[in-house]
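Letter by letter, the chains look like this.
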Amino acid sequence: MPLPRSVEGYKVTPNPKGQRGDNMAKRVAIVGAGVSGLASIKCCLEEGLKPTCFERSDDLGGLWRFTEHVEEGRASLYKSVVSNSCKEMSCYPDFPFPEDYPNYVPNSQFLDYLKMYANRFNLLECIQFKTKVCSVRKRPDFTATGQWEVVTLREGKQESAIFDAVMVCTGYLTNPYLPLDSFPGINTFKGQYFHSREYKHPDIFRDKSILVIGMGNSGTDIAVEASHLAKKVFLSTTGGAWAISRVFDSGYPWDMVFMTRFQNTFRNSLPTPIVNWLIAKRMNSWFNHANYGLIPEDRVQLREPVLNDELPGRIITGKVLIKPSVKEVKEHSVVFNNTPKEEPIDIIVFATGYTFDFPFLDETVVKVEDGQASLYKYIFPAHLPKPTLAVIGLIKPLGSILPTGDTQARWAVRVLKGVIKLPPSSIMIEEVNERKKNKRSGFGLCYCKALQADYITYVDELLTAINAKPNLFSLLLTDPRLALAIFFGPCTPYQFRLTGPGKWEGARNAIMTQWDRTFKATKTRIVQESPSLFASLLKLFSFLALLVAIFLIFL
């Protein structure tokens with residue numbers, strides 16, 4: 001498989017002199033070969049560690065590998081899934097997507113990209129496929145060595161091995177949450193019902209009346225997809241949601257416009273009520289959510305917006321009907337709250353989310369409560385006497401999980417090596433408990449739900465710990481064009497590998513050409529544009545305004 005043209009000339013910065021500290025973890029077990037598992041393998045190799053990745057299925061990719069049937073212990077997706085984060089924002093920080101890929105990537109091409117990544121960095125030789133991890137237990141001498149005994153099962157044969165560290169990369173989309181007790185009468189329903197995890201193709205909806213419960217991205221996708229074949233589609237939501245299109249201002253990808261360091265700094269400097277008002281105003285610029293029955297009831301706590309390009313069009317044409325929560329389920333119909341009329345229903349799809357656990361870990365290692373685990377920086381169990389177990393990718397940033405997981409792995413690997421020392425357990429536990437209280441700061445967006453985090457702020461925190469955060473003050477003096485692109489342009493993952501361990505020599509070029517790759521995917525017909533005097537003057541005044549803004553912000 002050919003490599004993306006934009007990654008030629010890649011250079012990995014090795015660990016200085018290849019030295020290992022006395023407390024360095026030499027052998028690392030990695031559980032799962034999805035997006036976070038692949039990043040963890042690569043980060044281990046960069047730092048001179050010896051990773052062994054155990055993947056229970058027969059191929060890599062995790063969530064992004066479509067199969068016709070649901071596989072136990074692995075995330076599942078439907079055939080039509082397309083990424084919600086554009087290719088420039090959701091790539092690994094040192095491996096751009098091929099420039100001819102669409103801006104929002106179908107799951108089959110996303111899987112191809114992951115395979116290119118694995119082949120480029122020789123990750124496959126570190127993966128043992130069709131190998132289930134049965135248990136990960138502390139060794140009797142754990143307080144002295146920090147070592148783990150990992151028991152695996154392959155082709156009916158159980159094996160045990162000792163590792164100096166473990167990185168858990170199993171995600172949080174494996175255990176479907178199906179709250180049937182909350183739906184009186186569901187046991188009398190004569191139609192078909194299932195969790196969205198089991199959904200693969202829309203053919204089953206043809207000429208039927210469908211109810212989708214839950215207005216997350218999956219529920220909305222399924223409702224919209226069903227509306228092209230079904231007789232009638234109801235989408236039930238308890239709290240509503242903001243819906244946005246992937247196509248944002250002037251046709252740009254939504255996250256390349258929304259996710260900038262400048263906007264993040266601006267939002268975090270404003271009181272939360274003002275930020276929420278601005279967000280509501282921006283969301284309603286596409287269509288008035290109140291008129292479509294979608295406006296969120298809770299507009300204080302941030303809820304991930306629903307990304308769907310068709311939803312308002314399906315609502316306005318009567319193909320999708322938005323309804324409140326379900327009051328009662330009957331044999332062939334349902335009754336919604338505040339609406340006495342019974343609606344005939346043939347199929348109910350529960351898009352009610354997921355829970356997660358770690359069946360191979362004892363609860364004394366990682367305990368899951370109220371949808372979250374007691375992990376310092378969402379990575380390390382705060383109470384362990386030796387920080388030799390890391391959980392990667394168990395976080396919901398308002399940004400892509402690929403660069404987030406890669407940054408987590410870079411930081412975690414240096415902790416496993418002993419290069420970075422964690423604070424005492426008491427301090428880490430205190431920080432974890434404070435986070436669980438979900439206190440509102442009063443400024444910026446309110447990330448108060450389990451696993452939520454401010455994407456740029458969180459990643460910058462980890463980058464700072466490994467001396468890899470771009471220094472904008474220094475860049476303004478040495479490379480002002482790059483500094484402006486980093487601060488005012490989209491916060492693309494390439495910024496995370498500009499410096500520090502694992503520095504990528506191609507990062508600057510990737511940042512300066514990110515819009516070229518974005519437009520290449522859409523500008524497949526060349527149009528000659530006549531120069532405009534007004535546009536030239538506007539650019540000049542915009543540049544002058546930009547300089548004034550920089551002066552005010554940095555000085």
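All of these numbers come straight from a predicted model, not from anything done at the bench.

Cut-offs and rules
- Residues numbered from 1 in each chain as written.
- Predicted model: local features only at pLDDT ≥ 70, side-chain atom pairs only at ≥ 80, totals over all residues.
- Heavy atoms only, no water.
- 1 Å grid on protein atoms, 1.4 Å probe; cavity = no way out; pocket = protein on both sides within 12 Å on 5 of 7 lines; lining within 4 Å.
- Points joined across faces, edges and corners; volume = space filled by probe spheres on them.
- Helix = DSSP H or I, 4+ residues; strand = E, 2+ residues; numbered from the N terminus.
- Nonpolar A, V, L, I, M, F, W, Y, C, P; charged D, E, K, R; others polar.
- Contact = heavy atoms within 4.5 Å.
- Pairing = 2+ DSSP bridges.
- Salt bridge = Lys/Arg side-chain N within 4 Å of Asp/Glu carboxyl O.
- Core = buried A, V, L, I, M, F, W, Y, C linked by side-chain atoms within 4.5 Å.
- Buried < 20%, exposed > 50% of the residue type's maximum accessible area, 1.4 Å probe, protein only.
- Axes fitted to C-alpha atoms, helices over the stretch in contact; angles between N-to-C directions.
- Parallel < 35°, antiparallel > 145°, perpendicular 65-115°, else oblique.
- Phe/Tyr/Trp six-rings, centres within 6.5 Å; stacked < 30°, edge-to-face > 60°.
- Lys NZ or Arg CZ within 6 Å of the ring centre and 35° of its normal.
- Polar contact = N/O pair within 3.5 Å; in protein donor to acceptor, adjacent residues only side chain to side chain.

Engineer: Teacher, can you tell me more about empty space enclosed by the protein here?
Structural biologist: Any space left empty among the atoms is revealed by the rolling of a water-sized probe across them. Taken as a whole, this structure holds four cavities of 30 Å³ or more when the rule is applied. As a volume, the largest cavity reaches approximately 110 Å³. Elements represented by at least two residues in the lining of the largest cavity include exactly helix 5 (254-258) and helix 7 (272-283). Broken down by class, the residue content of the lining of the largest cavity amounts to 11 nonpolar, no polar and one charged. Lining the second largest cavity are C43, E46, E47, R410, V413, R414, P501 and G502. Mapped by element, the contributors of at least two residues to the lining of the second largest cavity are helix 1 (35-46) and helix 9 (401-417). Counting residues per element, the lining of the second largest cavity draws most heavily on helix 9, at three residues. Here the lining of the second largest cavity is composed, by residue class, of three nonpolar, one polar and four charged.

Engineer: Help me out: how do you make sense of the environment of K327 in this one?
Structural biologist: For K327, the position within the fold is in strand 15 (residues 326-329). Along the primary structure K327 and F110 are separated by 217 residues, whereas in three dimensions their C-alpha atoms are 40 Å apart. Sequence-distant contacts of K327, that is, excluding residues within four places in its chain, are made with P184, V335, F336 and N337.

Engineer: Whenever I open this one, the pairing of strand 6 (residues 157-163) confuses me. Can you help?
Structural biologist: Two faces belong to every sheet, and in a regular strand the side chains alternate between them. When strand 5 (residues 148-154) meets strand 6, the two strands line up antiparallel, connected through seven bridges. Paired with R154 across the two strands is K157, which belongs to strand 6. As consecutive antiparallel partners, strand 5 and strand 6 are separated by two residues, and within that stretch E155 has a phi angle of approximately 50°, a positive value.

Engineer: Looking at this structure, how should I read the pattern of salt bridges?
Structural biologist: A side chain of one charge can pair with a side chain of the opposite charge when the charged atoms of the two come close. Counted under the stated rule, the structure contains 23 salt bridges. Of the charged contacts in the structure, one is a salt bridge between K115 and D59, with a shortest N-O distance of 3.1 Å. Of this pair, K115 sits in helix 2 (residues 107-120) while D59 sits in the loop between strand 2 (50-54) and helix 2, and the two are 56 residues apart along the sequence.

Engineer: Which parts of the structure should I look at to understand the nonpolar core?
Structural biologist: In a soluble, globular protein the nonpolar side chains are often hidden away together inside. In this structure, Y92, L114, M167, F205, L389 and W411 are the most contacted members of the largest nonpolar core, which totals 151 residues. Apart from the residues lying within four places of it in its own chain, the contact partners of W411 are Y376, K377, I379, F380, I420, L422, L462, A465 and I466.

Engineer: Can you help me understand the packing of helix 6 (residues 261-268) against helix 11 (residues 455-465) in this one?
Structural biologist: Running from N to C, helix 6 and helix 11 point in directions that differ by 105°, and their axes come no closer than 10 Å. Comparing their axes, helix 11 and helix 6 come out roughly perpendicular. Contacts between helix 6 and helix 11 involve R261, N264 and N268 from the former and I456, T457 and D460 from the latter. Split into classes, the residues belonging to the contact of helix 6 with helix 11 amount to one nonpolar, three polar and two charged.

Engineer: Sorry if this is basic, but what is going on with the packing of aromatic side chains here?
Structural biologist: The relative placement of two aromatic rings is captured by the distance of their centres and the angle of their planes. Under the definition given, this model contains 35 aromatic pairs. Both rings, one in Y78 and one in Y199, keep their centres 5.5 Å apart while their planes meet at 50°; by these two values the pair is tilted. With Y78 in the loop between strand 2 and helix 2 and Y199 in the loop between strand 9 (192-195) and strand 10 (209-213), this residue pair connects regions lying 121 residues apart in the sequence. When sorted by exposure, Y78 lands in the same class as Y199, which is buried. Consider the rings of F487 and F488, whose centres lie 4.9 Å apart with planes at 90°: the pair is edge-to-face. Given the relative accessible area of 23%, F488 is considered partly exposed. By the ring-pair criterion, three or more aromatic residues cluster together here, those being W64, Y92, F95, F97, Y101, F110, Y113, Y117 and F121. Lying over the aromatic face of F121, K42 brings its terminal NZ or CZ to 4.8 Å of the ring centre. Between the NZ or CZ atom of R267 and the centre of the ring of F258, over which it lies, the distance is 4.1 Å.

Engineer: Sorry, what's going on with the side chain of H195 here?
Structural biologist: Within the secondary structure, H195 is located in strand 9. Among the residues examined, H195 registers a relative accessible area of 2% and is labelled buried. Separated by 2.9 Å, the side chain of H195 and the backbone oxygen of G353 make a polar contact. Residues contacting H195, with those up to four places away along its chain left out, are P176, Y177, L178, F350, T352, G353 and Y354.

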